[in-house]
Amino acid sequence: MNMLTNHLPTDELQKLDAAHHMHPFTSGTELAGKGARVITRAKGVTLTDSDGNEMLDAMAGLWCVNIGYGRDELADAAARQMKELPYYNTFFHTTHVPAIALSQKLAELTPPHINNVFFASSGSEANDTNIRLVRTYWAEKGHPEKKIIITRHNAYHGSSVGSASLGGMKPMHAHGGLPIPDIHHIDEPNWYAAGGDMSPEDFGLERARQLETAIEHYGADRVAAFIGEPVQGAGGVIIPPETYWPEIERICRKHDILLIADEVICGFGRTGKWFGSETMGITPDIMTIAKGLSSGYAPIGGSLLSDEVAKVMNDCDFAHGYTYSGHPVACAVALENLRILDEEGIVDRVGSETAPYAKEKWESLADHPLVGEARIIGLMGSIALSPDPANRAPFKADTGTAGLICREHCFNSGLVMRHVGDRMVISPPLVITKDEIDTLVDRAWQALDKTHKDLKDKGLMEAG
Ligand code: PXG
C-alpha cells in the first residue's frame, strides 16, 4: 500500500485522489476535471512529478523547506527518535529530552529576552495559543477587560477558527462565520496597491497610525495585543515601508499592548536573519513559529514568549495544550534542522551572499513590460503584474486572472511560483545556489513573456 505512489500510472493516482481526498482551498469538482499534479520525489530545490518532470520549487513547498529537500540527517533523527521514544506527552509534570533540547536551542537562537516556548503542531495552533494566552496574561495581571486583538486586512495567521479570525482574508471569514469576537482589523501597509501619491515612508507611518486610532477608539484598557507578520507572506509578499514597524512598536509600548510577530514564514532565515523581527528592527513580546522550524519535515510550531510574558503565564495554571505539544519526533527533527541551519551557516549565507545576489536578479524582472514592481527581502519576493506598470494599475479583468495564467506558464516552464491575486511570489529553499537563482529568474521571464502574449491575445491587457 505505501508503494502506491510509485507504482500506479499518473491518471489512476489522479482518479483515486479525486475520489477520496479533499484538498485545502480547492474546488474538488474542478480538480477532478483536470487531475492533481502528483509529486513523488524531491532533492535540494528540485521536485519530480509522477511523469518524471522536474521543477524548480521556488516556493520551498509552502514557504517551509528552508534547508531544501532530501537531507538524510533529518530522516535519521526521526527514525532514531521513533525507535527510542515515538511519543510521550508534556502534560502532567512530564517532559522528555527532545522537547528540553529544542526549547534550549530556541532560547539560544532567539533575541536575549525570549527564553520560553509553548509548543504546538502548526502555525494555526500556535496562533490559537496566542489568542488565549494574551487574554489570560492580562486577566492574570488584573485586567480581564483587555481582550481585543488588533490585526490587519489581508494578513494570514492560519486556518483554524481563532487563527483565521486573526487573519484578514475575507473569503476565509465567509466560511464558518468568522471572525470571533474582539478581533479588529486595520489596513495593511501595501504601498504599491494603496499608496497613491504618498511617499512609501509617509504611507508606512499613516498605516501604522491606524493602530493608534483603533486603540484610542476602544481605549487601551480594552486592547490586549497587536499581531502582524514582519513581511506578509500569503498576502502577496508585502514588504512594508521602513517607517512602518518602528512606529507600530512605539505605539504598542506607549499604550502597553503586547506585540506579537508572526514569524511562521519570516522565521529561520527567510529574511536573511534568524527572525523577520530582527530584519525589521523590532523586539516583540511573542513570536509565532512553525514551517522553517523543522523545514517542513515534521509538523511542529510554537509560541515564543518574552521573559515578562513567560513569568506571568508560569505563575498561572494555563488551561491549554495539545496532545502533540512538544511531540518528541517533531522536536528531534526540528533540532536537527536548526543544527544544520546553524552549523552550515545557511542563515548567514542567505544574509551575506544569496539574498544580495537574488535581489539583483529578481529586481531585473521590473524591466519586463508586464511587471509593475519586483521586490525581494532575504529570500521572499514578489512581482506585481500590471497592464500599465508606470501607473501601478490593476487589471480590469477579475483579480487573479492574470496571476493564474502566469502560474500555469511557470509550471510549464519548470518553475513552481505561487500567485496571490495578480502578484507572483517566491520563497525558495535557503540553500538555493546562484546558478539556480539564474535558472529561476530565466524561467520566470519566459513565463512572463508567455503570459503577456496570452493576455494580449485574449484582450485582457486593459487597466481597471
Ligand atoms: N502564520 C503565517 C504567517 C502563515 O503564513 C500560518 C500562520 C499557519 O500555519 P499552519 O502551519 O497552520 O498552516 C501560516 C501558514 C499560501 C499558504 O498559500 C500559506 C500558509 C499556509 C497555507 C498556504 O501562501 N501559511
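Being a predicted model, the structure only gives us computed values, none of them experimental. Counting starts from 1 at the beginning of each chain's written sequence and moves along it residue by residue. Confidence filtering applies because this is a predicted model: local features only for residues at pLDDT of at least 70, side-chain atom pairs given and counted only at 80 or more, and all residues used for totals across whole chains, interfaces and linings. Where side-chain values are given, they derive from all heavy atoms of the structure, hydrogens and water being excluded.

## Remarks on the overall build of the protein chain
Thought 1: The helix count covers DSSP runs of H or I at least four residues long, the strand count covers runs of E at least two residues long, and both are numbered beginning at the N terminus. A tally of helices and strands in the protein chain yields 18 helices and 15 strands.
Thought 2: C-alpha atoms define the radius of gyration, and 2.2 Å times the number of residues to the power 0.38 defines the globule rule. Its C-alpha atoms give the protein chain a radius of gyration of 22 Å, within 12% of the compact-globule value 23 Å for 464 residues.
Thought 3: Along the first, second and third principal axes, the C-alpha atoms of the protein chain reach 65 × 60 × 45 Å.
Thought 4: Any pair of residues with heavy atoms lying within 4.5 Å of one another is described as a contacting pair. Residue pairs at least 24 apart in sequence account for 71% of intrachain contacts in the protein chain once pairs closer than 6 positions are excluded.
Thought 5: Carbon and sulfur atoms make up 53% of the accessible area of the protein chain, which totals about 20300 Å².
Thought 6: The charged-residue count follows a simple rule in which Lys and Arg add positive charge and Asp and Glu add negative charge, with His and chain termini not counted at all. A charged residue contributes its charge at one atom only: NZ of Lys, CZ of Arg, CG of Asp or CD of Glu. Here the protein chain carries 42 positive and 62 negative side-chain charges, and the mean point of each set is 2 Å from the other. Each accessible area is a Shrake-Rupley estimate made with a 1.4 Å probe; only the visible protein chains count as cover when residues are assessed.

## Points about the layout of surface pockets
Thought 1: What the second largest pocket holds in volume is close to 860 Å³.
Thought 2: In this structure, the second largest pocket is lined by 27 residues; those nearest its centre are Thr90, Val117, Phe118, Asn314 and His320.
Thought 3: Of all the secondary structure elements, the ones that give two or more residues to the lining of the second largest pocket are helix H6 (97-109), strand E4 (114-120) and helix H14 (307-314).
Thought 4: Tallying contributions element by element places E4 first for the lining of the second largest pocket, with five residues.
Thought 5: Each residue gets one of three labels, nonpolar for Ala, Val, Leu, Ile, Met, Phe, Trp, Tyr, Cys and Pro, charged for Asp, Glu, Lys and Arg, and polar for the others, Gly among them. A breakdown of the residues in the lining of the second largest pocket according to their chemical character gives 14 nonpolar, 12 polar and one charged. Of the grid points, spaced at 1 Å and generated over the protein atoms alone, those admitting a 1.4 Å probe that cannot get out make up cavities, while open sets with protein on both sides within 12 Å along at least five of seven lines make up pockets; any residue with an atom within 4 Å of a point is treated as lining. Grid points are joined across faces, edges and corners, and a volume is the space filled by probe spheres set on the points.

## Some thoughts on the sheet that holds strand E14 (residues 418-420)
Thought 1: In space, the four strands of this open sheet follow the order E11-E12-E15-E14, with antiparallel pairing throughout. Sheet topology places strand E11 (371-377) and E14 at the edges, where each strand pairs with a single neighbour. Across this sheet, the average inter-strand angle for adjacent strands is 20 degrees, counted without regard to direction.
Thought 2: Being paired, for any two strands, means DSSP has found at least two bridges between them. Alignment of E14 against strand E15 (residues 423-426), held across three bridges, turns out to be antiparallel. The partner of His419 across the bridge, within E15, is Met424.
Thought 3: Angles shown run from 0 to 180 degrees and are taken between the N-to-C directions of axes, each axis being a line fitted to C-alpha atoms and, for helices, limited to the stretch in contact. Running at roughly 175 degrees to E11, helix H16 (residues 346-363) makes contact with E11, strand E12 (380-385) and E15 of the sheet.

## A short note on the domain arrangement of the protein chain
Thought 1: Each domain's extent is set by a domain assignment, obtained either automatically or from a database. Looking at the assigned domains, one finds that the protein chain contains domain 1 (37-70 + 347-457) and domain 2 (73-343).
Thought 2: A separation of 26 Å is found between the C-alpha centroids of domain 1 and domain 2.
Thought 3: With 33 residues of domain 1 at the contact, the number on the domain 2 side is 34 residues.
Thought 4: Summed over both partners, the accessible area (1.4 Å probe) lost when two parts come together is defined as the buried area. In this assembly, domain 1 packs against domain 2 so that about 2700 Å² is buried in total across both faces, 60% of it on carbon and sulfur atoms.
Thought 5: Three residues stand out in domain 1 for area buried against domain 2, namely Ile67, Val347 and Arg392, and they jointly supply 29% of the buried area on that side.
Thought 6: Definition used for salt bridges: Asp or Glu carboxyl oxygen within 4 Å of a side-chain nitrogen of Lys or Arg. For the pair domain 1 and domain 2, the number of links is zero salt bridges.
Thought 7: Identification of polar contacts relies on pairs of N or O atoms within 3.5 Å, with a donor-acceptor requirement for protein atoms, meaning one able to donate a hydrogen and the other able to accept it, and with residues adjacent in sequence counted only if both atoms are side-chain atoms. Linking domain 1 to domain 2 there are 17 residue pairs in polar contact (both at pLDDT 80 or more).
Thought 8: For the side of domain 1 that touches domain 2, the secondary structure elements donating two or more residues are helix H4 (60-63), H16, E11, E12, E14 and E15.
Thought 9: Its residues placed into classes, the side of domain 1 that touches domain 2 shows 18 nonpolar, 10 polar and five charged.

## A word on the site of the ligand
Thought 1: Near the ligand there are 16 residues, and of these Trp63, Gly123, Ser124, Asp262 and Arg418 occur at the shortest range.
Thought 2: Within the side chain of Ser124, an N or O atom sits 2.5 Å from an oxygen atom of the ligand.
Thought 3: Within the side chain of Asp262, a nitrogen or oxygen atom sits 2.7 Å from a nitrogen atom of the ligand.
Thought 4: Here the ligand, which alone exposes 540 Å², has 85% of that area covered by the protein.
Thought 5: Elements with a contribution of two residues or more to the shell around the ligand: H4 and helix H7 (123-140).
Thought 6: No other element matches the three residues that H7 contributes to the shell around the ligand.
Thought 7: For the shell around the ligand, the residue count by class is six nonpolar, six polar and four charged.
Thought 8: Both domains that furnish three or more residues to the shell around the ligand are identified here as domain 1 (37-70 + 347-457) and domain 2 (73-343). Being near a molecule or strand, for a residue, comes down to having at least one heavy atom within 4 Å of it.

## Some words on unusual backbone geometry
Thought 1: Of note, the amide linkage connecting Leu178 to Pro179 takes the cis form, showing an omega dihedral of 0 degrees.
Thought 2: As for its placement among the helices and strands, Pro179 is situated in the loop between helix H9 (170-174) and strand E6 (183-186).
Thought 3: Positive phi values are uncommon outside glycine, yet Ala60 reaches one of about 45 degrees.
Thought 4: Turning to its location among the elements, Ala60 is positioned in helix H4.
Thought 5: Ala60 gets classed as buried once you look at its relative accessible area, which sits at 0%.
Thought 6: If you check the backbone angles, Phe268 has positive phi at about 60 degrees while not being a glycine.
Thought 7: Following the sequence through the fold, Phe268 ends up in the loop between strand E8 (258-262) and helix H13 (276-280). When accessible area is computed with a 1.4 Å probe and restricted to protein chains, residues below 20% of their type maximum are described as buried, those above 50% as exposed, and intermediate ones as partly exposed.

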